[in-house]
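# Examination of the molecular architecture
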Amino acid sequence: MSRPPLDPELAGLLAELPEFPPLSTETLALMRPYASTPVEPLLAGRSIVRREEVVPGRDGAALPLTVLSPRDPASDAPGVLWLHGGGMVMGDRYAQLDIPLEWLDELGAVVVSVDYRLAPEASGTTLVEDGYAALLWLAAHADELGVDAARIIVAGTSAGGGIAAGVTLLARDRGCPAVAAQVLICPMLDHRNDTVSARQFTAPAVWSRESNAFAWDALLQGSTDVSPYASPSLASDLSALPPTYIDAGSAEVFRDEDIAYAARIWAAGGACELHVWAGGFHGFDALSPHAALSRQARATRTAWLRRTMLSAPR
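As a starting point, this report considers the structure included with it.

### Some points on the overall build of the protein
The helix and strand tally for the protein stands at 12 helices and eight strands. The C-alpha radius of gyration computed for the protein amounts to 18 Å, which stays within 12% of the reference 20 Å derived for 314 residues, consistent with globular compactness. Overall, the C-alpha framework of the protein stretches about 50 × 40 × 40 Å when taken along its three principal axes. Put simply, the protein shows about 12,400 Å² of open surface, and 56% of that area lies on carbon and sulfur atoms. Here the protein contributes 23 positively and 37 negatively charged side chains, and the mean placements of these two sets differ by 3 Å.

### A word on the packing of aromatic side chains
The description of two aromatic rings rests on the distance between their centres and on the angle between their planes. According to the stated counting rule, one finds two aromatic pairs in the structure shown. Ring centres of W82 and W103 lie 6.2 Å apart, and the angle between their planes is 80°; on these two criteria the pair is classed as edge-to-face. Taken together, the positions of W82 in strand β3 (residues 77–83) and W103 in helix α4 (residues 98–107) put the pair 21 residues apart, joining distant regions of the chain. Look at W82 and you get buried, because its relative accessible area is 0%. On the basis of an interplanar angle of 50° and a centroid distance of 5.4 Å, the ring pair of Y245 and W304 is categorised as tilted. Of this pair, Y245 sits in strand β7 (residues 244–249) while W304 sits in helix α12 (residues 292–311), placing them 59 residues apart in sequence. Both residues of the pair, Y245 and W304, belong to the buried class.

### Comments concerning the packing of α4 against α12
One can describe the packing of α4 onto α12 by two numbers: an axis separation of 11 Å at closest approach and a directional angle of 50°. With respect to each other, α4 and α12 are oriented oblique. In this structure, α4 crosses over α12, and the sense of that crossing is right-handed. Between α4 and α12, the contacting residues are D98, I99, E102, W103, E106 and L107 on the first element and R298, R301, T302, L305 and R306 on the second. When its residues are assigned to classes, the contact of α4 with α12 shows four nonpolar, one polar and six charged.

### Some thoughts on the pairing of β3
Within β3, seven of the seven residues are buried, leaving the element largely enclosed by the surrounding structure. One ladder, built from six bridges, connects β3 with strand β5 (residues 147–157); its direction is parallel. Paired with A77 across the two strands is V147, which belongs to β5. Pairing geometry for β3 and strand β4 (residues 110–114), over four bridges, is parallel. When the sheet's bridge partners are listed, G79 is paired in β4 with V110. Taking the sense of rotation as the criterion, the β-α-β connection linking β3, α4 and β4 turns out right-handed.

The rules we used
- Residues numbered from 1 in each chain as written.
- Predicted model: local features only at pLDDT ≥ 70, side-chain atom pairs only at ≥ 80, totals over all residues.
- Heavy atoms only, no water.
- Helix = DSSP H or I, 4+ residues; strand = E, 2+ residues; numbered from the N terminus.
- Rg over C-alpha atoms; globule rule 2.2 N^0.38 Å.
- Areas by Shrake-Rupley, 256 points an atom, 1.4 Å probe, with all protein chains shown as cover.
- Lys, Arg positive; Asp, Glu negative; His and termini not counted.
- Charge placed at Lys NZ, Arg CZ, Asp CG, Glu CD.
- Phe/Tyr/Trp six-rings, centres within 6.5 Å; stacked < 30°, edge-to-face > 60°.
- Buried < 20%, exposed > 50% of the residue type's maximum accessible area, 1.4 Å probe, protein only.
- Axes fitted to C-alpha atoms, helices over the stretch in contact; angles between N-to-C directions.
- Parallel < 35°, antiparallel > 145°, perpendicular 65-115°, else oblique.
- Left-handed = near helix turned anticlockwise from the far one by under 90°.
- Contact = heavy atoms within 4.5 Å.
- Nonpolar A, V, L, I, M, F, W, Y, C, P; charged D, E, K, R; others polar.
- Pairing = 2+ DSSP bridges.
- Right-handed = clockwise from strand over helix to strand, strands pointing away.

Encoded structure:
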């Protein structure tokens, strides 16, 4: 199938990157080390207090968690639960952390990032339950962290965006804690992997339909009883969700499932802001943060968060 064109600047930057091979059992073992990046360069020069915690998962497993706070925090800061990307099969709590660190810099937010367990070692709803355990910890420690419990944001990119959507659904259905907003950045929402955009972006691509199929197979491990918390596009009811921000590129595999999720939130009477960035490939603003389109996407996202947090009841 033909594909939408790439933004010219992003196309040039993408041409300089090594080709992304489709994921397989063999390539996953090779790629995992490159999906984990040191956090120290991101923190250098920032006035940040870093705290390391271990929180129990629903099944008692130990989940490492990093808390990053402004050195001179407000007493009513927004709190961000960050869920990293990596196709549910790679990455750690430091991946793509530069995105929520911009919210720390500009909004005074406290950022909490968790090492949820990865597929195929973990399966089903385990990843979402791990994210929910971190959300419960953030809410329980809000006063101690200087976080306004009425301004807790659940956010993530790619696989982390899908997990963030699942965590927000869990919080709604279990009745706690309150989530003031969810930010879903190019989220991985639908295990069926059969939209037009999924069929457009077969390999080679930054994230291809083949890699997507491998990742979902690693998570579901042959099960046909798929939870809507794991694959949020299956959720029959998208009402009573917090204000939602969704963005994606026009030239990526998740474009159409993300548009559909936004449309279903609107159909249920919810508030959702959707941006499809013309010429953006999957994860463009994480891979090429200094490109003009990436700067615009990040600034627009931060502006939405600022407006949403200002209007949140306190």
